[in-house]
Amino acid sequence: MNVIEAIESRHSVRAFLDKPVSDELLTRVVAAAPCAPSWACTRPWIYYVATGDVLKRIREQYVELYTSGAPRANDLPTEPKWPERENENQLAWGRQRCRVQWNIDPNSTDPAEQARFDAIKKHMRIMAMRFFDAPAVIFPCMDKRLHNWALYDMGAGSMNIQLAAHELGLGCITAYHMGCYPEVLRRELNIPEHLNILLGIAVGYKDEESCENRDKAVRTPVDEILTIVH
Ligand SMILES: Cc1cc2nc3c(=O)[nH]c(=O)nc-3n(C[C@H](O)[C@H](O)[C@H](O)COP(=O)(O)O)c2cc1C
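Reference entry: report on the structure contained in this document. Computed from a prediction, not measured in an experiment: that's the story for all the values here. Per chain, residues are indexed from 1 in the order of the written sequence. The predicted origin of the model limits local features to residues at a pLDDT of at least 70 and limits the giving and counting of side-chain atom pairs to 80 or more, whereas totals for whole chains, interfaces and linings rest on all residues.

### So, the overall build of the protein
To qualify as a helix, a DSSP run of H or I must reach at least 4 residues; to qualify as a strand, a run of E must reach at least 2; elements of each kind are numbered from the N terminus. A count of helices and strands for the protein gives eight helices and five strands. If you list the helices and strands of the protein from N to C, you get α-α-β-α-α-α-β-α-β-α-β-β-α. The principal-axis extent of the C-alpha atoms belonging to the protein is close to 55 × 55 × 35 Å. The exposure scheme places C-beta atoms from the backbone and then counts, for each residue, the other C-beta atoms within 10 Å of its own, assigning buried at 20 or more, exposed at 12 or fewer, and partly exposed in between. A burial count over the protein gives 26% of its 230 residues as buried.

Written as structure tokens, this is what we have:
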């Protein structure tokens, strides 16, 4: 796979095989992060990976906290209000997932259809708290004193991680909700207080059969985002 092929064929994976990922592979994947550019070579990247028994314990605590109604407490503020264009993109993506993954019309007024939709949403929220049952989750962290520009570098590092994983036959899903109970992560992974935990990147072998992996998020055509001026 060349780089362009990797970029164009990568998609988020939300269902994984029950198959562990070796420490060697996880290390190779994370080693791609510091190959990204960073502001004046400041290299803000720090990663913790949960797998095996530790991930099992984190998963149990996440589900318990979520089902008991504990409020999400991500280190970075979440659920921002999006401007119209991005808000509509988000809504359209949600509608597409309903149709492609679950064969549901989200606007249906049929009570049976609505009940099915509610059940799916509930199931997906729990699966999200279970890190989609991935065998490993990478938690990108950065020093709390770093400014917003470091987030740019962290994002570049995350992209490298996802492309390296793709090349190595693994799938990933980046998700902010995976950082929603940071106190659990700090305790289980010994993450020091001076680091912000940005989110989680779940990694594993893609379950090709699952409907959760059927959806392919749309790509904005380049002519809608590009202006070249001569
Ligand atoms: C910062 C960030 C946070 C995300 N959070 C979530 C999340 O909480 N739950 C989820 O299912 N996907 C999450 N995603 C994945 C996006 O939904 C996904 O990348 C987007 O729909 C495009 O699909 P693709 O990754 O297949 O290209 C997140 C992605 C990013 C970059």
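That shown, we press on.
### What to know about the pairing of strand β5 (residues 200–204)
Across the five residues of β5, five count as buried, placing the element largely inside the fold. Going residue by residue along β5, you find G200, A202 and G204 tucked away on one face and I201 and V203 tucked away on the opposite face as well. As defined by bridge partners, strand β2 (residues 136–143) adjoins β5 across three bridges and the pair is classed as antiparallel. Bridge pairing in β5 links A136 to V203. Paired strands, in this sense, are two strands between which DSSP finds at least two bridges. In the sheet, strand β3 (residues 171–175) pairs with β5 via five bridges, with the strands oriented antiparallel. Residue pairing for β5: T174 is matched across the bridge by I201.

### Here we look at the site of the ligand
By definition, a residue lies near a molecule or strand when the C-beta atom built from its backbone is within 6 Å of it. Contacts to the ligand come from H11, S12, W93, I173, T174, A175, Y176, H177, L199 and A217. For the shell around the ligand, the leading source of residues is β3, giving three residues. Taken together, the residues of the shell around the ligand break down into six nonpolar, four polar and no charged. Gly counts as polar in this scheme, as do all residues outside two lists: the nonpolar Ala, Val, Leu, Ile, Met, Phe, Trp, Tyr, Cys and Pro, and the charged Asp, Glu, Lys and Arg.

### Here we look at the packing of helix α3 (residues 52–67) against helix α7 (residues 182–189)
One way to put it is that α3 packs onto α7 with a least axis distance of 10 Å and a crossing angle of 155 degrees. Comparing their axes, α7 and α3 come out roughly antiparallel. In this structure, the crossing between α3 and α7 has a hand that is right-handed. Residues V54, R57, I58, Q61 and Y62 of α3 touch α7, and the partners they reach there are V184, L185, E188 and L189. Every axis in this analysis is a line fitted to C-alpha atoms, fitted for helices over the stretch in contact. Angles between the N-to-C directions lie between 0 and 180 degrees. An angle counts as roughly parallel when it lies under 35 degrees, as roughly antiparallel when it exceeds 145, as roughly perpendicular when it falls between 65 and 115, and as oblique in every other case. Two helices that cross are described as forming a left-handed crossing if the nearer one is turned anticlockwise from the farther one by less than a right angle, and a right-handed crossing if clockwise. The contact rule is simple: place each C-beta atom from the backbone, and if two of them lie within 7 Å, those residues are in contact.

### Quick word on the nonpolar core
The term nonpolar core refers to a group of buried residues, namely Ala, Val, Leu, Ile, Met, Phe, Trp, Tyr and Cys, whose C-beta atoms join them within 7 Å. The biggest cluster of nonpolar side chains holds 41 residues, and the ones touching the most others in it are V137, A202 and V203. Listed by contribution, the elements that provide at least two residues to this core are α2 (23–30), β1 (46–51), α3, β2, α6 (149–167), β3 and β5. Of all the elements, β2 adds the most residues to this core, at six residues. With near-sequence residues (within four places) excluded, A202 lies in contact with F131, F132, A134, V137, C172, I173 and M178.

### Some points on unusual backbone geometry
In this model, C41 sits at a positive phi of 55 degrees, which is unusual for a non-glycine residue. Inspection of the secondary structure assignment puts C41 in the loop between α2 and β1. Residue C41 is classed as exposed on the basis of its 7 C-beta neighbours within 10 Å.

### Some remarks on α2
By the burial criterion, the buried members of α2 are L26, V29 and V30. Buried residues of α2 fall within an arc of 90 degrees about the axis and therefore sit on the same side. Among the exposed residues of α2, those pointing more than 90 degrees away from its buried face are E24 and T27. Looking at the buried residues of α2, the elements they touch are β1, β2, α6 and β5. It is the directions from the helix axis to the C-beta atoms that the arc portrays.

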